[in-house]
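The chain contents come next:
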Amino acid sequence: MGVGEYLIIFAAILIGLAVADLSLSLHRLLRQGRDIKWHPIVPATGFIVLCLILNLWWGLYNGLSDAREMGFLVFLPTVFMLLTLFLLSAAVFPDEKLEKGASVLDFYLANRTQFWGLFATYLMLANVGMFMIGYQREWGPLEYLGAGGLNTVWMALCIALIFTERMIFHWIVVTMCLVISLLAWSDLELTQAAAG
């Protein structure tokens, strides 16, 4: 087994835990049925996190499967991304059973600092990982900007959502995330993703 295969196995364990936690928390929430007041933004953010998990999984598969060697400091941002993604998947849905008549929207708003803070941290770590790769490949300023510019804009939007309860802003960012996720995956075949 090569280094890349070991790294993929390590990533698969953490990604599997993230999917399991996301699924179990959603299951507990769905079991409450009509006992709680539902709001679509929570399932929408759950779907966004699932898309992030899938995107990271296929990105790691594509980037690591043929790796023969990798410096620890180069892999470290990926480890932190995996841990952050696990925490993000755990933050989407309530851990405990909500009280009868409780609003899922109230949970979302009370939890927005943790959720969007972790989302911003994930994007920052993605940039750190890209910049480390760019340093090794001796990228120029435009290559750094092209690789990390969009994540930086998304990071700023995530941070802004921490400080506002106005749902129009939350819906704009969530809708943009959903559209970008669906467009990115709509024409992609897994064989393409795996082959690069």
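Everything numeric in this text was worked out from a predicted model, so none of it was measured.

Rules used in this analysis
Residues numbered from 1 in each chain as written. Predicted model: local features only at pLDDT ≥ 70, side-chain atom pairs only at ≥ 80, totals over all residues. Heavy atoms only, no water. Helix = DSSP H or I, 4+ residues; strand = E, 2+ residues; numbered from the N terminus. Rg over C-alpha atoms; globule rule 2.2 N^0.38 Å. Buried < 20%, exposed > 50% of the residue type's maximum accessible area, 1.4 Å probe, protein only. Contact = heavy atoms within 4.5 Å. pLDDT = per-residue confidence, 0-100. Patch = residues over 30% accessible without salt bridge, like charges linked within 9 Å, V, L, I, M, F, W, Y side chains within 5 Å. Areas by Shrake-Rupley, 256 points an atom, 1.4 Å probe, with all protein chains shown as cover. Salt bridge = Lys/Arg side-chain N within 4 Å of Asp/Glu carboxyl O. Axes fitted to C-alpha atoms, helices over the stretch in contact; angles between N-to-C directions. Left-handed = near helix turned anticlockwise from the far one by under 90°. Nonpolar A, V, L, I, M, F, W, Y, C, P; charged D, E, K, R; others polar. Phe/Tyr/Trp six-rings, centres within 6.5 Å; stacked < 30°, edge-to-face > 60°. Core = buried A, V, L, I, M, F, W, Y, C linked by side-chain atoms within 4.5 Å.

(A) Local environment of the overall build of the chain. Regarding its fold elements, the chain presents seven helices and zero strands. In terms of overall size, the chain behaves like a compact globule, its C-alpha atoms giving a radius of gyration of 18 Å where 196 residues would be expected to give roughly 16 Å. When its C-alpha atoms are laid out on the principal axes, the chain stretches across 55 × 35 × 30 Å. Counting across all 196 residues of the chain, residues that qualify as buried make up 42%. Excluding contacts between residues fewer than 6 apart, the proportion of contacts in the chain whose partners are at least 24 apart in sequence is 83%.

(B) How the structure looks around the confidence of the model for the chain. Of all residues in the chain, 94% attain a pLDDT of 70 or more, and the chain-wide mean is 87. Per-residue pLDDT stays below 50 along residues 192–196; that stretch engages in nine contacts with residues further than four places along the chain or on separate chains.

(C) Representation of a nonpolar patch on the surface. Taken together, the side chains of Val 19, Phe 47, Leu 50, Leu 54 and Leu 182 define a hydrophobic patch exposed on the protein surface, amounting to about 380 Å² of accessible area. Among the elements that take part in the nonpolar patch, helix H2 (residues 41–64) stands out by supplying three residues, more than any other. Residue placement: Leu 182 occurs in helix H6 (residues 167–186).

(D) Just the packing of H2 against H6, in detail. It is the contact of H2 with H6, at a shortest axis distance of 10 Å, that shows an interaxial angle of 35°. Pair H2 / H6 crosses with left-handed handedness. Residue-level contacts link Ile 41, Ala 44, Thr 45, Phe 47, Ile 48, Cys 51, Leu 54, Asn 55 and Trp 58 of H2 to Met 167, His 170, Trp 171, Val 174, Cys 177, Leu 178, Ser 181, Leu 182 and Trp 185 of H6. Its residues assigned to classes, the contact of H2 with H6 comprises 14 nonpolar, four polar and no charged.

(E) Region of interest: the packing of aromatic side chains. Going through the model one piece at a time under the given rule, you end up with five aromatic pairs. Where Phe 10 meets Phe 75, the ring centres are 6.1 Å apart and the plane angle is 65°; that geometry is what we call edge-to-face. In this pair, Phe 10 sits in helix H1 (residues 3–31) while Phe 75 sits in helix H3 (residues 72–92), placing the two residues 65 residues apart along the sequence. Its relative accessible area of 9% is what places Phe 75 among the buried residues. Plain terms: the ring middles of Phe 115 and Phe 119 are 6.1 Å apart, the flat faces sit at 65° to each other, and that makes the pair edge-to-face. With a gap of four residues between them, Phe 115 and Phe 119 both fall in helix H4 (residues 104–136), about one helical turn apart. As far as burial versus exposure is concerned, Phe 115 and Phe 119 are alike and both buried.

(F) View of the environment of Trp 171. Relative to the helices and strands, Trp 171 resides in helix H6. Under the relative-accessibility criterion, Trp 171 is labelled partly exposed at 26%. A C-alpha to C-alpha distance of 7.4 Å links Trp 171 and Ile 41, two positions 130 residues apart in sequence. Setting aside chain neighbours within four positions, we find Trp 171 in contact with His 39, Pro 40, Ile 41 and Ala 44.

(G) Spotlight on the nonpolar core. Membership of the largest hydrophobic core comes to 52 residues, with the highest contact counts inside it found for Leu 88, Tyr 108, Trp 116 and Phe 119. Put simply, the parts of the chain that give this core at least two residues each are H1, H2, H3, H4, helix H5 (141–162) and H6. No other element matches H4, which puts 13 residues into this core.

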